[in-house]
Amino acid sequence: MDDDWHPLDPVYDPVHLKLVLQDQKKTGQREVKRTEGFCYENVVTGCKFRDLQGYIKSEFPQLKREEFNVEWQDEEGDMVRITSDLNLRTALTAMVANRNMLCKFFVTAK
């Protein structure tokens, strides 16, 4: 039996996402979706940016043929763009620590 893993350990729980699709023209219009179950693996090592992009496209079909940016708001209130697996892990780790497994991403078509 592996003593390092415990089923109630929060880093192994699925991540709950709030996805905010923002209007690229900054009119204030937005579409919000909340979902459970992204990235069932260890948040620090298992989540891939490519998977998040695919998940976003499945939630917002209008983005299937569009390029888009994904950002999160850090603890200082700055919007930080995600462009890699490392950026995503940093965002998830910070958000999970501060928001009890709810991770909010802002999505804007390019």
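## As for the confidence of the model for the protein
Residues with a pLDDT of 70 or more make up 73% of the protein, whose mean pLDDT is 80. In the model of the protein, helix α1 (residues 43-46) stands out as the element of lowest mean pLDDT, 63, in contrast to strand β4 (residues 79-82), which has the highest, 96.

## Focus: the environment of F38
Secondary-structure assignment places F38 in strand β2 (residues 30-38). Here F38 falls in the buried class, since its relative accessible area comes to 6%. In the structure, F38 is positioned 21 residues away from L17 in sequence and 7.1 Å away in space, judged by C-alpha atoms.

## Quick notes on the nonpolar core
Counting 26 residues, the largest nonpolar core has L17, L52, I56 and F105 as the members making the most contacts within it. Within the residue set of this core, elements represented by two or more residues are β1 (15-22), α2 (49-59), β3 (68-73), α3 (85-99) and β5 (102-109).

## With respect to the pairing of β4
Summarising the sheet, β3 and β4 pair through four bridges and their orientation is antiparallel. In the sheet register, W72 faces β4, and the bridge partner there is V80. Where β3 folds back on β4, the antiparallel hairpin that results is connected by five residues, among which G77 adopts a positive phi of roughly 90°.

About the cut-offs
- Residues numbered from 1 in each chain as written.
- Predicted model: local features only at pLDDT ≥ 70, side-chain atom pairs only at ≥ 80, totals over all residues.
- Heavy atoms only, no water.
- pLDDT = per-residue confidence, 0-100.
- Helix = DSSP H or I, 4+ residues; strand = E, 2+ residues; numbered from the N terminus.
- Buried < 20%, exposed > 50% of the residue type's maximum accessible area, 1.4 Å probe, protein only.
- Core = buried A, V, L, I, M, F, W, Y, C linked by side-chain atoms within 4.5 Å.
- Pairing = 2+ DSSP bridges.

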